[in-house]
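The lines below spell out each chain.
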There are 2 protein chains.
Amino acid sequence: MVQRAEPQDFDRVLSSMCTVPHPAAREAAERFLATNPGDPGTYETVSELEAEAVESLGEITGLTDPTGYVASGGTEANLQAVRIARNRADTDDPNVVAPVHAHFSFTKAADVLGVELRTAPAEGYRANLEAMAELIDDDTVCVVGVAGSTEYGYVDPIPAIAELAHEADALCHVDAAWGGFYLPFTDHAWHFGHADADTMTIDPHKVGQAAVPAGGLLARDGTLLDELAVETPYLESTSQLTLTGTRSGAGVASAVAAMEALWPAGYREQYERSMENARWLADQLRARGHDVVDPELPLVAADLSVPMTDELRARGWRVSKTGAGEMRVVCMPHVTRSMLRSFVADLDWY
Amino acid sequence: MVQRAEPQDFDRVLSSMCTVPHPAAREAAERFLATNPGDPGTYETVSELEAEAVESLGEITGLTDPTGYVASGGTEANLQAVRIARNRADTDDPNVVAPVHAHFSFTKAADVLGVELRTAPAEGYRANLEAMAELIDDDTVCVVGVAGSTEYGYVDPIPAIAELAHEADALCHVDAAWGGFYLPFTDHAWHFGHADADTMTIDPHKVGQAAVPAGGLLARDGTLLDELAVETPYLESTSQLTLTGTRSGAGVASAVAAMEALWPAGYREQYERSMENARWLADQLRARGHDVVDPELPLVAADLSVPMTDELRARGWRVSKTGAGEMRVVCMPHVTRSMLRSFVADLDWY
């Protein structure tokens, strides 16, 4: 066991939305490895750190008085947002309306929560508002917008989606799990300050460079979180709103450390570097005659016309594909220009 | 941030069901901090380690051909077991029958999954079979037995509960989240080899001495897990059965390392030491005239007649209370005889 380690050490990983944790984040994770923010009466310091993490996430997302918590990841945060919306609404047959590119965690949430998921076709990789509006009815409890989609890195028109939601007396949830740490340095209207969104997913353990598990759920209003509360006998706290019980103090401490180290200057530099890398890769692929989806955030999808996943994999590359079969390269912080140069050279080899 | 650490370092923690990770578990967690078993195509080694963890958990729980996964913790595992039962059953109005001392994660699961939780009164801290049988009907999808209850550490009659479940064509789920690493060294009938149970929760990050997050969900039959599968476009794997998406490789690697180091001899020694500590503490409290619940596993609950949580807390002790108001001391691996001597001395002080 002691000898085993992941072979690639991230130097050929182009498929992941996780990355190498920032050194300060790693250090904090190791120190808080044996703490449990799920039991705040016993583990007080990490519980205070979680409040700081939520404060920082609020600053990043334009929320003056943020409430929320550090979740196990984006899936939990998305599921909990839908759970808030379902529990708050007064219908026996709840549905959620989302664009077709919403992350598969909404499919999972729908199964778990007994909610119908209705997905609307996209237009130019972004949500089509008319198509979404057609799916909304009196039983719609939540309307989802994606700020940085998993497959193409595109940003939905969040303010308009929030309006759609509120016209239907539904909640608006924004999934910025991946995009949230890149978007503050763009002109997109995506956060609580730009749109009347109710809840948001933003994951420190993705572009935020914290260690897994550190997802983030934010709510504009603390009463929304009350929808999640379950009583906790025998803990010194009296109720719990997280999906899990015991939780990782490592994730929480590491999120605080990463945001202290990187917000805002470090994240800005990272965004600029990653975006330049994405544009460079897009240009290189275009120059070779491939169809490339113009990158909106640091993520490049391209139709390579020949499937080459197996060949690339044999050379150690980890790339993934979109549902439409395009190659998908996620320009995470660990993805450097020199990695991309080697990658393009290997593509040329075929 | 760098300077902050949990003040107590576990040396006065009597309330937690988590503990200091084994050194090998800590080392493995630190090395696999940046891996994600939720993306097995990218992170292959940790994915293989997860299969080993399930193998070991099967050995511990009498399951020859185990299926399951390393969950974020007992709450996820319990919730997923109820989800399996709900999805498999053919009813619009599913209910779960459990003894009253079932962990509050079942309350959470019931809210999340839209399932009715019916709890039956206990008898002598164990499940009362007649009371449970009265609650079972055609819409019962799962009957729960607890092997090591959170409040008293007692073990339900698991074989009889499994019979109740199957008479009703429901699944039997055993919650051994805490007890599972102590029970192999007792005479209790609690596991897959003793009873026709379908699913089980057993958490390496509790008595198993792995780092958080490392819970365990096991199923006797792989088709049960299929009830959880959700399609995963753009990952190299095609479906996902976990509740969360991105997951902690640290937890998985650390579970394998802990079980390699401790199963079975190390866990046996730990059980014996902890059980002796629990008996010693029970005797000390009895000798001082307190009502003590005779410990069945290493957990002592006692009615101290005077509430003293605040005083003990002021002296740095972390103790918790049962729902009935008794003081509750969990004899985890980090709880030594000398800690308990100091604790009793502090109790005498009042």
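Residues numbered from 1 in each chain as written. Chains lettered and ligands numbered in written order. Predicted model: local features only at pLDDT ≥ 70, side-chain atom pairs only at ≥ 80, totals over all residues. Heavy atoms only, no water.

## A word on the packing of helix H9 (residues 265-287) of chain A against helix H11 (residues 337-349) of chain A
Residues and elements named next belong to chain A.
Moving on, step 1. Two elements in contact, H9 and H11, have axes separated by 10 Å at closest approach and are oriented at 15°. Comparing their axes, H11 and H9 come out roughly parallel. The chirality of how H9 crosses H11 is right-handed. Residue-level inspection shows Glu276, Asn277, Trp280, Leu281, Gln284 and Leu285 of H9 in contact with H11, the latter providing Arg337, Leu340, Arg341, Phe343, Val344 and Leu347.
Moving on, step 2. Here the residues of the contact of H9 with H11 are counted per class, giving 7 nonpolar, 2 polar and 3 charged. (Axes fitted to C-alpha atoms, helices over the stretch in contact; angles between N-to-C directions. Helix = DSSP H or I, 4+ residues; strand = E, 2+ residues; numbered from the N terminus. Parallel < 35°, antiparallel > 145°, perpendicular 65-115°, else oblique. Left-handed = near helix turned anticlockwise from the far one by under 90°. Contact = heavy atoms within 4.5 Å. Nonpolar A, V, L, I, M, F, W, Y, C, P; charged D, E, K, R; others polar.)

## Quick notes on the domain arrangement of chain A
Residues and elements named next belong to chain A.
Moving on, step 1. In terms of domain boundaries, chain A breaks down into domain 1 (23-262) and domain 2 (265-349).
Moving on, step 2. Across the boundary between the two partners, domain 1 contributes 25 residues, which contact 23 residues of domain 2.
Moving on, step 3. Summed over both sides, the interface between domain 1 and domain 2 buries roughly 2,100 Å², with carbon and sulfur atoms accounting for 61% of that surface.
Moving on, step 4. At the surface where domain 1 touches domain 2, the tally comes to 1 salt bridge.
Moving on, step 5. In this structure, the connection of domain 1 to domain 2 is made through 12 residue pairs in polar contact (both at pLDDT 80 or more).
Moving on, step 6. Looking at the side of domain 1 that touches domain 2, the element that brings in the most residues is helix H8 (residues 249-262), giving 3 residues.
Moving on, step 7. Counted by class, the side of domain 1 that touches domain 2 contains 13 nonpolar, 9 polar and 3 charged residues. (Domains from an automatic or database assignment. Buried area = accessible area lost by both parts, 1.4 Å probe. Salt bridge = Lys/Arg side-chain N within 4 Å of Asp/Glu carboxyl O. Polar contact = N/O pair within 3.5 Å; in protein donor to acceptor, adjacent residues only side chain to side chain.)

## A closer look at the packing of aromatic side chains
Moving on, step 1. Under the criterion given, the structure shown has 18 aromatic pairs over all chains.
Moving on, step 2. Between the aromatic rings of B:Trp178 and B:Tyr182, the centroid separation amounts to 5.5 Å while the plane-to-plane angle is 80°, which identifies the pairing as edge-to-face. Assigned by exposure class, B:Trp178 and B:Tyr182 land together as buried.
Moving on, step 3. When the centroid spacing of 6.0 Å and the interplanar angle of 45° are considered together, the rings of B:Phe185 and B:Trp263 count as tilted. A residue pair is termed long-range when its members are at least 10 positions apart, and B:Phe185 in the loop between strand E7 (171-175) and strand E8 (199-201) and B:Trp263 in the loop between helix H8 (249-262) and helix H9 (265-287) qualify at 78 residues.
Moving on, step 4. For B:Phe185, a relative accessible area of 13% corresponds to the buried category.
Moving on, step 5. Here B:Trp263 falls in the partly exposed class, since its relative accessible area comes to 23%.
Moving on, step 6. In this structure an aromatic cluster arises from ring pairing among A:Trp178, A:Tyr182, A:Phe185, A:Trp263 and A:Tyr271. (Phe/Tyr/Trp six-rings, centres within 6.5 Å; stacked < 30°, edge-to-face > 60°. Buried < 20%, exposed > 50% of the residue type's maximum accessible area, 1.4 Å probe, protein only.)

## Some remarks on the sheet that holds strand E1 (residues 67-71) of chain A
All names here are of chain A.
Moving on, step 1. The sheet built from 7 strands is open, its strands ordered E1-E9-E8-E7-E6-E2-E3 with mixed pairing. Each edge of the open sheet carries a strand with a single partner, namely E1 and strand E3 (116-120). Strand after strand, the sheet turns through a mean of 20° between neighbouring axes, direction not considered.
Moving on, step 2. Pairing analysis gives 3 bridges linking strand E2 (residues 95-99) to strand E6 (residues 140-146), with the strands arranged parallel. Residue pairing in the sheet places Val97 in a bridge with Val143 of E6.
Moving on, step 3. Its contacts with the sheet place helix H2 (residues 44-60) against E1 and strand E9 (215-219), and it is angled at close to 110° to E1.
Moving on, step 4. Each of E3, E6 and strand E7 (171-175) is contacted by helix H4 (residues 105-113), which is oriented at about 150° to E3, the strand it contacts most. (Pairing = 2+ DSSP bridges.)

## A few points about the interface of chain A and chain B
Moving on, step 1. The interface of chain A with chain B comprises 81 residues on the first partner and 81 residues on the second.
Moving on, step 2. Summed over both partners, the interface of chain A with chain B buries about 6,500 Å², with 55% contributed by carbon and sulfur atoms.
Moving on, step 3. One can count 8 salt bridges joining chain A with chain B.
Moving on, step 4. The salt bridge involving A:Glu44 is made with B:Arg313; its shortest N-O contact spans 3.3 Å.
Moving on, step 5. At the boundary of chain A and chain B, one finds 30 residue pairs in polar contact (both at pLDDT 80 or more).
Moving on, step 6. Going through the elements one at a time, helix H1 (23-31), H2, helix H3 (74-88), H4, strand E10 (230-231), H8, helix H10 (309-314) and strand E14 (320-321) of chain A are the ones with two or more residues in the side of chain A that touches chain B.
Moving on, step 7. With 6 residues, H1(A) is the largest single contributor of residues to the side of chain A that touches chain B.

## Concerning the relation of the copies chain A and chain B
Moving on, step 1. Relative to chain B, chain A is turned by 180° and slid 0.0 Å along the rotation axis, the superposed coordinates differing by an RMSD of 0.0 Å. Such values leave the two copies arranged in the relation of a two-fold axis. Within chain A, A:Leu113 has its C-alpha nearest the rotation axis, a separation of 2.5 Å.
Moving on, step 2. Looking at chain A, 100% of its interface residues are interface residues in chain B too, so the copies touch through the same face. (Least-squares fit on C-alpha atoms with pLDDT ≥ 70 in both.)

## Description of the pairing of strand E15 (residues 327-330) of chain A
All names here are of chain A.
Moving on, step 1. In E15, alternate side chains face the same way, and those of Met327 and Val329 on one face and Arg328 and Val330 on the other are all buried.
Moving on, step 2. Here 4 bridges tie strand E13 (residues 299-303) to E15, and the two strands are oriented antiparallel to one another. Bridge pairing links Ala301 to Arg328 in E15.
Moving on, step 3. Bridge count for E14 against E15 is 2 bridges, and the pairing is antiparallel.

## Points about the UniProt feature "modified residue: N6-(pyridoxal phosphate)lysine" (unreviewed entry) in chain A
Residue and element names in this part refer to chain A.
Moving on, step 1. Taken from the UniProt record, the annotation "modified residue: N6-(pyridoxal phosphate)lysine" (unreviewed entry) applies to Lys206.
Moving on, step 2. Tracing the backbone shows Lys206 in the loop between strand E8 (199-201) and E9.
Moving on, step 3. Filtering out sequence-adjacent residues up to four positions away, Lys206 remains in contact with Met17, Thr19, Gly74, Ala177, Trp178 and Met332.
Moving on, step 4. There is a polar contact of 2.6 Å between the side chain of Lys206 and the side chain of Asp203. (UniProt positions renumbered as here; feature names shortened; annotations may be inferred.)

## Thoughts on the environment of A:Val230
Moving on, step 1. Mapped onto the secondary structure, A:Val230 falls in strand E10.
Moving on, step 2. Judged by relative accessible area, which is 5%, A:Val230 ranks as buried.
Moving on, step 3. Along the sequence, A:Val230 and A:Ala53 sit 177 residues apart, while their C-alpha atoms lie 22 Å from each other.
Moving on, step 4. Not counting the four nearest positions on each side in its chain, A:Val230 is found in contact with A:Arg83, A:Thr238, A:Ser239, A:Gln240, B:Phe104, B:Thr107 and B:Lys108.

## Observations concerning H3(A)
Moving on, step 1. Given a rise of 1.5 Å per residue, 15 residues ought to cover 21 Å, and the 21 Å separating the end C-alpha atoms of H3(A) matches this to within 8%.
Moving on, step 2. Of all 15 residues that make up H3(A), 13 are buried, and the element is covered over most of its length. (Expected span 1.5 Å × (residues − 1).)

## Thoughts on the sheet that holds E7(B)
Residues and elements named next belong to chain B.
Moving on, step 1. If you walk across this open sheet you meet the 7 strands as E1-E9-E8-E7-E6-E2-E3, and the pairing is mixed. If you trace the sheet from one side to the other, it starts and ends with strand E1 (67-71) and strand E3 (116-120), each paired once. Averaged over all adjacent pairs, the angle separating strand axes in this sheet is 20°, with direction ignored.
Moving on, step 2. Pairing analysis gives 3 bridges linking E7 to E8, with the strands arranged parallel. Paired with Val174 across the two strands is Met200, which belongs to E8.
Moving on, step 3. Relative to the sheet, helix H3 (residues 74-88) contacts E1, strand E2 (95-99), strand E6 (140-146), E7, E8 and strand E9 (215-219), its axis offset from that of E7 by approximately 175°.

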